[in-house]
Amino acid sequence: MASTPAIIVDGATNSVKGQPGSSDAGGAVVLAGGLGASTYAGGLVSLTGGAGTTTGAGGAASVVGGAGGDDAVGGTLTLTAGAAGGGNRAGGATTIAGGAGSGTGAGGAATLTGGASGTGATGAGGAATVTGGAASSTNNVGGVASVVGGAGNGTGNGAAAKLTGGVGGATSGVGGACTIKGGAGGSSAGAGGAVTLDGGGATAAATAGGAITITGGLSTTSAAGGAVTLVGGGVGTTGIGGLVSITGGVGGTSGARDGGAVSLIGGATGAASTGVGGVVTITGGASTAGGASGAGGAVAITGGAAGTTNAAGGAASLIGGAGSGTGNGGAVTSTGGLGGATSGVGGALVFTGGAGGSSAGAGGAVSLIGGAATAGATAGGAANLKGGASTGSGTGGLVTITGGAGSAATGVGGGVTGAGGLGNTTGAGGAVSWTGGAGGTDAVGGTASLIGGAAGGGNRAGGAAALTGGAGAGTSDGGASTVTGGAGGATSGIGGAASIVGGVGGTSAGAGGAALVTGGAATGAATAGGAVTIAGGLSTTSAAGGAITITGGGVGTTGVGGSVAVAGGVGGTSGARNGGAVSVIGGAGGAAGIGDGGIATFKGGASGTGATGAGGALAITGGAAASTDGAGGAGVIAGGAGAGTGAGGLVSLTGGASGAGATGNGGAATLKGGASLSTAGDGGAVSVTGGLGTTTGAGGAITVTSGAGGTSGLSGAVTIASGAGGTTSASGTLTIRTGAVTATAGAASGAMTIETSAGATGATSTNGGASGAMTLQTLAGGTTGTGTGGAGGLISILTGVGGLTTGVGTAGGAGGGLTVTTGNGGAGSTPTTGGVGGAIAVTAGNGGNGTTGGVGGAIALVAGNAGTGGNVNGANIDLTPGTLTGTALNGHVRIAPATATPANGVSSGTIASKVGLLFGSTAGFGIYIGSSTPSLTAAQGSLYLRSDGSSTSTRAYINTDGGTTWTAVTTAA
């Protein structure tokens, strides 16, 4: 036991110490506050150095464990706060605090230092441990252990807090490790304690937070610098390995404060060294070697997500180190994990841009760009995407490049851009190639596809797929864009087809994507736009050249077939720039052969097999004029010109034949001039002209023939009608004229015949059909609300004037005659009666009704006058009735056969009902008829024949005064 007395008070040194041992341990010194009574606190124990005065330093307070003997451990120093007596009371705190400074003096340091090892070879320095108190009660948290530097004052910096392992021995001792380790979790299910390294927070506006630096130890020789390793915690049987996260600090809440950056940078080589820069490796954890199917740990490099509306997500970059001098730039390699040796699939490599925000933020872009060359004509670095090679019969690895998906609302999907590197000075731009993988020895080559995105729904169009050659610079040409099917096999393989197909529309109502082939636009003055050529493949043998087919898209159950449009380019905006022409030309026959030229066919689509679908129309329409006074474009269909003795090519416009059903009509064929929409412009003329004959060849005939009727149907009508007049103008003139004579001999002009077809011959019990009627009829005059009604249209049939004689000619030519002859009645065979001859009726129009009635139309039969120069008679007017046969009566010449004989020569005392035959130019001079005595007004000398006269003085009368006075003419009994 310890020597007594246990405590020695040494007045010389003002110290209290334990009694030195006498063959035993030295006496212990215990300072304990007194026990508190009842609810009072225990007595305080204080060790306080004495206070200095004026400039004197304060007295030191030291608690030091005793030094060990020559070969013994030093005495332990324990500072333990009092334990709580019960209930839920906290244990007493232990405080080690340096003394407070005064004025400008620094605060006293508080140091916890393990004891120094002995001078021997292997003695370890004493450990210094700062440990929070352990919780003994159920579920309570262990005490926190904090190492905090002192707070600065005014502009003074806060004191640093350092945890530093001990310095290694001078010869080859390893420096002491510095470990910051969270406490172990409870034995049941408590999680291990976290380790947080947190830089100090700034308290003033715009001041940066305290940085955190983890740096491997500095090597002072040729050895490598100390490594820095961040390793997630290991796990038990079924636990997941601990996560390692490195996250930049969150930006401030006010204004555009960026989040803190995270950098992983390999160490730089020495200034004069040729060593390679330090490698940066990010590797996912390996799965357990003996496990059956555990996947290797993934590696994720993700740019920060944007927290506000429309802000872009943070970029994620993998950048190889920059080369110096002639050194190459550092490569960036991203490779999926190696598949298992037996049949494991290689790890996929996916580059995906960040997803856009939920509102309308665009998805993050993904770019693979080869490094740019910086000198002379050196090529830029290549950027390659290549699927993994298969072995055996396995398929080669697919390469997929997909833009980021847009948000569910209105976000646009991320684009995919493949661009060759930019050329430097005179260097060409880098090529972009899409090449399907080559097939094996006996396998098909891999497909290369450019497909626009399918529309997701609604009425959205499918995504476009564009192939565009590079733009030329200066006077150089733009880069060509070529879509070429693969070459066929050397023996008899067919060449691969080349298809340009727009994307499929959505399943709801989205239209299919258009497929557009457009020549490049010219940018210089008067330079032509790039041509678009679609040419069938060249045959090298006697086989036909490759056909070209342009077909509109097929349809679903009720859809309309896709149209095919071929349109010339739009003319320029400056000056008289014509629109581009459109030509469809059949191929020319071989140069040395007798083959015909290739047919050019325009045909409307056939109707469906349903009951009533019409065949597709064929329209050839000249372009509409969009300028103020420009004429519409002509529509020309012309047969090809013959060569040598060959005939010219036929041009045929034929309406389609009707179906075989009961009532289907044949298709109409219409030639119609364009309508004028301007204020005073004429409608477009329609010209049908036969071809010009040469030498002795006759001019080409023009035949307008209506369709023949069916078994009991009428033949088709032929209508030649001039255009209707405008609001205040007459209708258009209709002229049918024979061709002019150009011969020097006195040849007659062409005859004109307008005739109806003969009636059909009847069988024995059926009457013969009448020949077709012919009507020349003008329409009624127009009505008016205020003025005089329009006159009925005049019909004039004029024959030509006789030709003049010149020089020593014998006589002038006779005027053209006019013969109006109806057809004879058909002969009847026994016992059928012969048909009646065709009647001639020339009837003038009645006057219009009104308050004052209009005058009826006059009928004038005027014979031609005799020519001057001799006593030549004028031409007669012959009215010859038909002659009788047998004992029947001759025909008569009758005047007003449908008008009843008027009483007194006039009905109701008016002159409007006079019936008579007038002579000469004297008004009212003629022969009149009537019943009873005459009372009408007539010219003097006129005769009146009385229908009911029965005596020598009542049968006839003569007018004596030009008024209403008539004298009887005495007749024989």
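Residues numbered from 1 in each chain as written. Predicted model: local features only at pLDDT ≥ 70, side-chain atom pairs only at ≥ 80, totals over all residues. Heavy atoms only, no water.

Peer 1: Is there a simple way to explain the overall build of the protein in this structure?
Peer 2: Secondary structure assignment for the protein yields zero helices and seven strands. The order of α-helices and β-strands along the protein, N terminus first, is β-β-β-β-β-β-β. Whereas a compact globule of 973 residues would reach a radius of gyration of roughly 30 Å, the protein reaches 60 Å, over 25% beyond that. Each of the three principal axes of the protein carries a C-alpha extent, and together these read 210 × 80 × 65 Å. Burial statistics for the protein: of 973 residues in total, 4% are counted as buried. Excluding contacts between residues fewer than 6 apart, the proportion of contacts in the protein whose partners are at least 24 apart in sequence is 10%. Of note, the protein has its 15 positive side-chain charges centred 15 Å away from the centre of its 15 negative side-chain charges. (Helix = DSSP H or I, 4+ residues; strand = E, 2+ residues; numbered from the N terminus. Rg over C-alpha atoms; globule rule 2.2 N^0.38 Å. Buried < 20%, exposed > 50% of the residue type's maximum accessible area, 1.4 Å probe, protein only. Contact = heavy atoms within 4.5 Å. Lys, Arg positive; Asp, Glu negative; His and termini not counted. Charge placed at Lys NZ, Arg CZ, Asp CG, Glu CD.)

Peer 1: Sorry, what's going on with the packing of aromatic side chains here?
Peer 2: The geometry of two aromatic rings is summed up by the distance between their centres and the angle between their planes. Enumeration according to the criterion identifies two aromatic pairs in this entry. Aromatic pair Tyr944 and Trp966: ring centres 5.9 Å apart, planes at 55 degrees, arrangement tilted. In this pair, Tyr944 is assigned in strand 5 (residues 943-946) and Trp966 in strand 7 (residues 966-969), connecting sequence segments 22 residues apart. With a relative accessible area of 0%, Tyr944 lands in the buried category. Overall, the relative accessible area of 12% leaves Trp966 in the buried class. Taken together, Tyr944, Tyr957 and Trp966 form an aromatic cluster joined through their ring pairs. (Phe/Tyr/Trp six-rings, centres within 6.5 Å; stacked < 30°, edge-to-face > 60°.)

Peer 1: Any chance you could explain the nonpolar core here in plain terms?
Peer 2: Burial of nonpolar side chains together is a common tendency in soluble globular proteins. Val906, Tyr928, Leu936, Ala938, Tyr944, Tyr957 and Trp966 together form the largest nonpolar core, which totals seven residues. Beyond its immediate sequence surroundings of up to four residues, Tyr928 is in contact with Lys914, Val915, Gly916, Leu918, Leu936, Ala938, Ser942, Leu943, Tyr944, Leu945 and Trp966. (Core = buried A, V, L, I, M, F, W, Y, C linked by side-chain atoms within 4.5 Å.)

Peer 1: I would appreciate a short explanation of unusual backbone geometry in the present structure.
Peer 2: The general pattern is negative phi for most residues beyond glycine and trans for most peptide bonds. A positive phi is found at Ala896, a non-glycine position, where the angle reads about 45 degrees. Turning to its location among the elements, Ala896 is positioned in the loop between strand 2 (15-18) and strand 3 (916-918). Accessibility expressed as a relative area gives 35% for Ala896, which makes it partly exposed. The phi dihedral of Ser932 is positive, around 65 degrees, even though this residue is not glycine. With respect to the helices and strands, Ser932 occurs in the loop between strand 4 (926-930) and strand 5.

Peer 1: Is there a simple way to explain the environment of Gly924 in this structure?
Peer 2: Residue position: Gly924 is located in the loop between strand 3 and strand 4. On the basis of relative accessibility, which here comes to 21%, the residue Gly924 falls in the partly exposed class. Sequence spacing of Gly924 and Gln940 is 16 residues, and the spatial spacing of their C-alpha atoms is 8.5 Å. With residues up to four places along the chain from it excluded, the contact list for Gly924 reads Leu918, Ala938, Ala939 and Ser942.

Peer 1: How should the sheet that holds strand 5 be read in this particular structure?
Peer 2: In sheet architecture, strand pairing relies on hydrogen bonds along the backbone and comes in two forms, parallel and antiparallel. One open sheet accounts for five strands, arranged 3-4-5-6-7; its pairing is mixed. Of all the strands in the sheet, the pair left with one neighbour each is strand 3 and strand 7. Each strand of the sheet is rotated relative to its neighbour by a mean of 25 degrees, with strand direction disregarded. One ladder, built from three bridges, connects strand 3 with strand 4; its direction is antiparallel. Considered in strand 4, the bridge of Leu917 is made with Ile927. (Pairing = 2+ DSSP bridges. Axes fitted to C-alpha atoms, helices over the stretch in contact; angles between N-to-C directions.)

Peer 1: Honestly, the pattern of salt bridges in this entry has me stumped. Any pointers?
Peer 2: Oppositely charged side chains may form a pair once their charged atoms are brought near each other. In this structure the tally under the stated criterion is one salt bridge. The partner of Arg946 in a salt bridge is Asp948, and the shortest N-O contact between them spans 2.6 Å. (Salt bridge = Lys/Arg side-chain N within 4 Å of Asp/Glu carboxyl O.)

Peer 1: I would appreciate a short explanation of the pairing of strand 2 in the present structure.
Peer 2: Both faces of the sheet carry side chains from a regular strand, because those side chains alternate between them. As defined by bridge partners, strand 1 (residues 7-10) adjoins strand 2 across four bridges and the pair is classed as antiparallel. The residue of strand 2 that forms the bridge with Asp10 is Ser15.

Peer 1: Quick question: what am I supposed to make of the side chain of Asn959 here?
Peer 2: With respect to the helices and strands, the residue Asn959 is situated in strand 6 (residues 956-959). A polar contact is formed between the side chain of Asn959 and the backbone oxygen of Ala938, at a distance of 3.4 Å. A polar contact is formed between the side chain of Asn959 and the backbone oxygen of Gly963, at a distance of 2.9 Å. (Polar contact = N/O pair within 3.5 Å; in protein donor to acceptor, adjacent residues only side chain to side chain.)

Peer 1: So what exactly am I meant to see when it comes to the pairing of strand 5 here?
Peer 2: Here strand 5 shows one buried face, formed by Tyr944 and Arg946, and one open face, formed by Leu943 and Leu945. With four bridges connecting them, strand 4 and strand 5 associate as parallel partners. Bridge pairing links Tyr928 to Tyr944 in strand 5.

Peer 1: What should I look at first to understand the environment of Thr970 in this one?
Peer 2: By the secondary structure assignment, Thr970 is in the segment after strand 7. Considering only alpha carbons, one finds Thr970 and Arg955, 15 residues apart in sequence, at a separation of 8.0 Å.

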